[in-house]
Amino acid sequence: MTSIPLGHILLLAALLFGIGLAGVLTRRNILVMLMSVEVMMNAVNLTLVGFSRYNGWTEGHVLAFFIIAVAAAEAAVGLAMVLAVFRLKQTTYVDELRLLKR
Amino acid sequence: MTGEQIMFYLLGGGAVLASAAMLLPPMGRSPIHSAISLIVSFFFLAGLYALLSAHMLSVLQIIVYAGAVMVLFTFVIMLLNLNADELQESRITPGRIAAGILALFVFGKLATAIQLTTAGAQSVDLSDPGFANFGSVPEVGRMMYTTFLVPFELVSVLLLVAAVGAVVLAKRSMKYVDRPLPPPAGYEHPAPSDDEGGHDAHAHGGGH
């Protein structure tokens, strides 16, 4: 038994997810947007761990491990793209990347 | 209130505060401060995982997230060498207000769904002998190498592809960017003058 209510774990995860979503939607710096995506992935991991704790499933931990691996791959490729774009345009602001708009 | 609950609310509040500090002006104005508050948030989350008996994930969170991913972030931020006027972003536009309200709306809907569905949830008893190793490295590792062997191997391929892709993308000389594109096949250069035409293979063959 755990004395932490399941609803509070999930509410905390939802709050973190909302913070990450607000970051992706409101900030225009590509680096901060990528960091906000990491926060959202962590919120999902917290949900998986909370459900695993309540149901006694180890599968949730393995799935969270896979999510961590995917997040690491995403960060590596995303940051490489940020570097390539910065070399080309000298900016990290997504508003200034509008080559396809013309 | 038990000690477990007190720890949960302390760690959870810390994680939320650190994540919010990543975005809001005093800390969030420069990317490097955002990255540091995100690292703090990851440590709070690692504590939460340990509290919820996910010992292996708690260690992985620190090694992979706070260790590898955030080092990558801070390195890239320092490598970009942003100047001062790059870092100014405090205009409040209608689009950003609408985006903030949308995020709040998503959170509200999630919170409603959680309130409706989780009332009276009972957890399993981890003091039960069947759960003696719950969330430990041997237990999670065994499941990873038996039930989830194929996804595990696929993840290793994914990481390899990501590593190769990152190297290719971040390489300094991208020849398609530095040089103009080669002319398409079948394109003929406009009328070379006679003295330079001698070097061209086609014009040379025509001379014989």
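The structure displayed is predicted, hence computed values, not measured ones. (Residues numbered from 1 in each chain as written. Chains lettered and ligands numbered in written order. Predicted model: local features only at pLDDT ≥ 70, side-chain atom pairs only at ≥ 80, totals over all residues. Heavy atoms only, no water.)

**As for the overall build of chain B**
Inference 1: Check the secondary structure of chain B and you find 10 helices and 0 strands.
Inference 2: Considering chain B as a whole, with its 208 residues, one finds that 32% of them fall into the buried category.
Inference 3: Of all intrachain contacts in chain B linking residues separated by at least 6 positions in sequence, the fraction that spans at least 24 positions is 52%.
Inference 4: Carbon and sulfur atoms make up 69% of the accessible area of chain B, which totals about 13500 Å². (Helix = DSSP H or I, 4+ residues; strand = E, 2+ residues; numbered from the N terminus. Buried < 20%, exposed > 50% of the residue type's maximum accessible area, 1.4 Å probe, protein only. Contact = heavy atoms within 4.5 Å. Areas by Shrake-Rupley, 256 points an atom, 1.4 Å probe, with all protein chains shown as cover.)

**Regarding the nonpolar core**
Inference 1: Ranked by size, the top nonpolar core spans 67 residues in total, and within it Leu46 of chain A together with Leu57 of chain B carry the most contacts.
Inference 2: Put simply, the parts of the chain that give this core at least two residues each are α1 (6-26), α2 (30-55) and α3 (59-89) of chain A together with α1 (3-23), α3 (31-51), α4 (55-80), α6 (137-145) and α7 (149-170) of chain B.
Inference 3: With 14 residues, the single largest contributor to this core is α3 of chain A.
Inference 4: If we skip the residues at most four places from it in the chain, leucine 46 of chain A touches Ile9, Leu12, Ala13 and Leu16 of chain A together with Leu45, Leu48, Tyr49 and Leu52 of chain B. (Core = buried A, V, L, I, M, F, W, Y, C linked by side-chain atoms within 4.5 Å.)

**Quick look at the packing of aromatic side chains**
Inference 1: Summed over the entire model, instances satisfying the criterion amount to 7 aromatic pairs over all chains.
Inference 2: Relative to phenylalanine 134 of chain B, the ring of phenylalanine 131 of chain B has its centre 6.1 Å away and its plane inclined at 85 degrees; by these criteria the two rings are edge-to-face.
Inference 3: Grouping aromatic residues by their ring pairs yields a cluster made of Phe65 and Phe66 of chain A together with Tyr145, Phe148 and Phe152 of chain B. (Phe/Tyr/Trp six-rings, centres within 6.5 Å; stacked < 30°, edge-to-face > 60°.)

**Observations regarding the confidence of the model for chain B**
Inference 1: For chain B, the mean per-residue pLDDT works out to 83, and 80% of the residues sit at or above 70.
Inference 2: Overall, residues 196-208 of chain B carries pLDDT values under 50, and its contacts beyond four positions in sequence, including any with other chains, amount to 2 contacts. (pLDDT = per-residue confidence, 0-100.)

**Examining the interface of chain A and chain B**
Inference 1: The interface is formed by 74 residues belonging to chain A together with 82 residues belonging to chain B.
Inference 2: Both faces combined, the contact of chain A with chain B buries some 7100 Å², and carbon together with sulfur accounts for 77% of it.
Inference 3: Summed over the shared surface of chain A and chain B, the result is 0 salt bridges.
Inference 4: When residues of the side of chain A that touches chain B are traced back to their parent elements, those giving at least two are α1, α2 and α3 of chain A.
Inference 5: Examining the composition of the side of chain A that touches chain B, we find that 24 residues originate from one element, α3 of chain A, more than from any other. (Buried area = accessible area lost by both parts, 1.4 Å probe. Salt bridge = Lys/Arg side-chain N within 4 Å of Asp/Glu carboxyl O.)

**Quick look at a nonpolar patch on the surface**
Inference 1: Among the surface-exposed residues, Met1, Ile6, Met7, Tyr9 and Leu10 of chain B lie close enough to one another that they form a single nonpolar patch of about 530 Å² accessible area.
Inference 2: The topology assignment puts methionine 1 of chain B in the segment before α1. (Patch = residues over 30% accessible without salt bridge, like charges linked within 9 Å, V, L, I, M, F, W, Y side chains within 5 Å.)

**Notes on α7 of chain B**
Residue pairs spaced three or four apart in an α-helix point in one direction, given the helix's 3.6 residues per turn.
Inference 1: Its 22 residues give α7 of chain B an end-to-end C-alpha distance of 32 Å, which sits within 8% of 32 Å, the value for a rise of 1.5 Å per residue.
Inference 2: The elements touched by buried residues of α7 of chain B are α3 of chain A together with α6 of chain B. (Expected span 1.5 Å × (residues − 1).)

**Topic: the packing of α2 of chain A against α4 of chain B**
Inference 1: Relative to each other, α2 of chain A and α4 of chain B sit at 175 degrees, their axes nearing to 12 Å. Of the possible angle classes, the one that applies to α2 of chain A and α4 of chain B is roughly antiparallel. Contacts between α2 of chain A and α4 of chain B involve Leu31, Leu34, Met35, Glu38, Met41, Asn42 and Val49 of chain A on the former and, on the latter, Leu57, Gln61, Tyr65, Val69, Met70, Phe73, Val76, Ile77 and Leu80 of chain B.
Inference 2: Partitioning the contact of α2 of chain A with α4 of chain B into residue classes produces 13 nonpolar, 2 polar and 1 charged. (Axes fitted to C-alpha atoms, helices over the stretch in contact; angles between N-to-C directions. Parallel < 35°, antiparallel > 145°, perpendicular 65-115°, else oblique. Nonpolar A, V, L, I, M, F, W, Y, C, P; charged D, E, K, R; others polar.)

**Regarding the side chain of asparagine 29 of chain A**
Inference 1: As for its position among the elements, asparagine 29 of chain A is in the loop between α1 and α2.
Inference 2: There is a polar contact of 3.1 Å between the side chain of asparagine 29 of chain A and the backbone nitrogen of leucine 31 of chain A. (Polar contact = N/O pair within 3.5 Å; in protein donor to acceptor, adjacent residues only side chain to side chain.)

**Let's talk about the environment of leucine 60 of chain B**
Inference 1: The topology assignment puts leucine 60 of chain B in helix α4.
Inference 2: With residues up to four places along the chain from it excluded, the contact list for leucine 60 of chain B reads Phe65 and Ile68 of chain A together with Tyr65 of chain B.

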